[in-house]
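# Inside the fold
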Amino acid sequence: MLEEMTVVSNFAQYLDNSVMMIMIILGLLFLSVVVPLFIFMYKYSASRNKPENTENISHNSTLELVWTIIPIILILVMFSISYGVFKEFRSIPDDGLKIKVLAQKWSWSYTYPNGRVENTLYVPRGENVILEMTAPEGDVIHNMFVPSFRIKEDIVPGMETRQWFNANIEGEYDVFCAEFCGTAHAYMLSKVVVVSQDEYDNWIDNESIFDPREAPASTEESTTLLDINQPSASADPVALGERVFTGNACNTCHTVDGTPGAGIAPTLQGIYGTSVTLINSSGDEVTVEVGDDYLRESIINPSALVNQGFNPLMPAYEGTIDGEDLDNLVEYLKSL
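Residues numbered from 1 in each chain as written. Predicted model: local features only at pLDDT ≥ 70, side-chain atom pairs only at ≥ 80, totals over all residues. Heavy atoms only, no water.

## Quick look at the overall build of the chain
A count of helices and strands for the chain gives seven helices and 13 strands. The buried share of the chain, taken over its 336 residues, is 38%. Long-range contacts, defined as pairs at least 24 residues apart, comprise 62% of the intrachain contacts of the chain with a sequence gap of at least 6. Taken as a whole, the chain presents about 18700 Å² of accessible surface, with 57% of it coming from carbon and sulfur. (Helix = DSSP H or I, 4+ residues; strand = E, 2+ residues; numbered from the N terminus. Buried < 20%, exposed > 50% of the residue type's maximum accessible area, 1.4 Å probe, protein only. Contact = heavy atoms within 4.5 Å. Areas by Shrake-Rupley, 256 points an atom, 1.4 Å probe, with all protein chains shown as cover.)

Have a look at this one:
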């Protein structure tokens, strides 16, 4: 986790310096109390002083002023430092790359101005990035935490919160949910990938799914890579469905290789065409053959029928995954 200490965003160093200054001030205040405490314990111990030999001092105006004024000054200094950091964090610029962030149990998705949706946040180095964050109605509170950027902001269902940053070092950085949000909270992970402006422009302007850090330099090479890795909308629906699956972080809870994964959702390998025992909303067991209709229903309304042995934790994707994306996702699940 030492890489999380990297100073990446525009205000990360400012925050680190501020925290260090406040810690120094608090350390001095701590020592100003503890050091005299031990001195007085030694100097005025019962073995060294008899009560009748101890001078009775009613007050010392100078000392009282010193221990009142100095702490007030130090507290005001800490307030000034903290306010400066707070103002920097909250002074969201008017111009910049605006990206919509959707947090839900238990995945992240990022929607770019051109409508492109990814579950990895790609941003250009040196540009202001404004995050407009929300969670679906009926979900829970999440918190977007990027340690290397020193940003941490609550995401509340049904309302929009905002945060911003300007990343100055290219690389890959962790995104965590810092608000306990249920069973798979620990698996709610993502990445911020900072790339050059040219790499970002080349990536955002086409439909390919390649990592922009591996983006080809020329337009001809880009077209070739697009044809191979991410064909047009008329291409294999299974490949497009896999993109929907990973783009919505379905693999956070479901595995496709037969392993139990996080233990909160069944594996999807070989599920198509099998018979499964489910629990309906009345608590009764029903046996259903897994076909196209069941797969669609389990995606848009997963709480209607729940796999035996699992809790109804999956959020509904009605209105989130629909149309061609839903068709392609079903084709992908059939292919497993």
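Back to the text.
## As for the sheet that holds strand S2 (residues 107-111)
Strands sit in the order S3-S2-S1-S5-S8 across an open sheet of five strands; the sheet is mixed. Strand pairing shows two members of the sheet lacking a second neighbour, strand S3 (117-118) and strand S8 (161-166), which therefore form its edges. Looking at chain direction, strand S5 (residues 128-134) and S8 are connected through six bridges and run antiparallel. Following the sheet pairing, Glu132 is matched in S8 by Arg162. (Pairing = 2+ DSSP bridges.)

## A word on the sheet that holds strand S9 (residues 171-177)
What holds strands together in a sheet is hydrogen bonding between their backbones, with the strands either parallel or antiparallel. Reading across the sheet, the five strands line up as S4-S10-S9-S6-S7 and stay open at both edges, with mixed pairing between neighbours. Only two strands of the sheet have a single neighbouring strand rather than two, namely strand S4 (121-124) and strand S7 (151-155). With direction set aside, neighbouring strand axes in the sheet form an average angle of 20°. Where helix H3 (residues 197-204) meets the sheet, it contacts S4 and strand S10 (189-195), and its direction lies at approximately 130° from that of S4. (Axes fitted to C-alpha atoms, helices over the stretch in contact; angles between N-to-C directions.)

## With respect to the pattern of salt bridges
Counted by the stated rule, this structure contains 11 salt bridges. Two residues, Glu331 and Lys334, come together in a salt bridge whose shortest N-O distance is 3.3 Å. Taken together, the residues Glu331 and Lys334, both in helix H7 (residues 323-335) and three residues apart, mark about one turn of the helix. On the basis of relative accessible area, Lys334 is assigned to the partly exposed category, the value being 26%. (Salt bridge = Lys/Arg side-chain N within 4 Å of Asp/Glu carboxyl O.)

## As for the layout of surface pockets
Rolled over the atoms, a probe as big as a water molecule pinpoints where empty space is left. By volume, the second largest pocket is sized at about 190 Å³. Every residue lining the second largest pocket is listed: Leu29, Ser32, Val33, Leu63, Val66, Trp67, Ile70, Pro71 and Leu74. Residues of the lining of the second largest pocket, tallied by class, amount to eight nonpolar, one polar and no charged. (1 Å grid on protein atoms, 1.4 Å probe; cavity = no way out; pocket = protein on both sides within 12 Å on 5 of 7 lines; lining within 4 Å. Points joined across faces, edges and corners; volume = space filled by probe spheres on them. Nonpolar A, V, L, I, M, F, W, Y, C, P; charged D, E, K, R; others polar.)

## Examining helix H5 (residues 237-247)
All of the buried residues along H5 are Leu240, Gly241, Arg243, Val244, Phe245 and Gly247. Along its buried surface, H5 packs onto S2, S3 and H7. By the N-cap criterion, in which a side-chain oxygen at the helix start approaches the backbone nitrogen of a residue two or three places on, H5 is capped by Asp236, the distance to Val238 being 3.0 Å. (Polar contact = N/O pair within 3.5 Å; in protein donor to acceptor, adjacent residues only side chain to side chain.)

## Re the nonpolar core
Judged by nonpolar contacts, the single largest core of 44 residues is most densely connected at Trp108, Leu121, Leu131, Met144, Phe149 and Phe165. Core analysis: the next-biggest nonpolar cluster, separate from the first, contains 19 residues, Ile271, Val276, Val288 and Leu326 among them. (Core = buried A, V, L, I, M, F, W, Y, C linked by side-chain atoms within 4.5 Å.)

## Overview of the pairing of S9
Burial within S9 is extensive, with five of its seven residues counted as buried. Relative to S9, strand S6 (residues 142-146) is paired through two bridges, and the arrangement is antiparallel. Within S9, the residue paired with Met144 across the bridge is Cys177. Bridge count between S9 and S10: six bridges; the pairing is antiparallel. Bridging from a neighbouring strand, Tyr173 pairs with Val192 of S10.

## Section: empty space enclosed by the protein
In total, this model carries one cavity of 30 Å³ or more according to the counting rule given. Its volume calculated, the largest cavity comes out at about 550 Å³. Taken together, 33 residues make up the lining of the largest cavity; nearest its centre are His254, Ala265, Ser298, Pro302 and Met314. Of all elements in the fold, only helix H6 (292-300), strand S13 (305-307) and H7 reach the threshold of two or more residues within the lining of the largest cavity. Counting residues per element, the lining of the largest cavity draws most heavily on H6, which supplies four residues. Taken together, the residues that form the lining of the largest cavity break down as 24 nonpolar, eight polar and one charged.

## A closer look at the environment of Glu137
With respect to the helices and strands, the residue Glu137 is situated in the loop between S5 and S6. On the basis of relative accessible area, Glu137 is assigned to the exposed category, the value being 68%. Separated by 21 residues in the primary sequence, Glu137 and Gly158 have C-alpha atoms spaced 5.1 Å apart. Leave out the neighbours within four places in its chain, and Glu137 touches Pro157 and Gly158.

## Observations regarding the packing of H6 against H7
Axes are the key here: two packed helices are described by the angle between their axes and the distance separating the axes. At a closest axis distance of 10 Å, the pairing of H6 and H7 adopts a crossing angle of 120°. Classed by the angle they form, the pair H6 and H7 counts as oblique. Once H6 is placed against H7, the crossing between them reads as right-handed. Counted together, Asp292, Leu295, Arg296, Ile299 and Ile300 of H6 and Leu326, Asp327, Leu329, Val330, Leu333 and Lys334 of H7 form the full contact between these two elements. Broken down by class, the residue content of the contact of H6 with H7 amounts to seven nonpolar, no polar and four charged. (Parallel < 35°, antiparallel > 145°, perpendicular 65-115°, else oblique. Left-handed = near helix turned anticlockwise from the far one by under 90°.)

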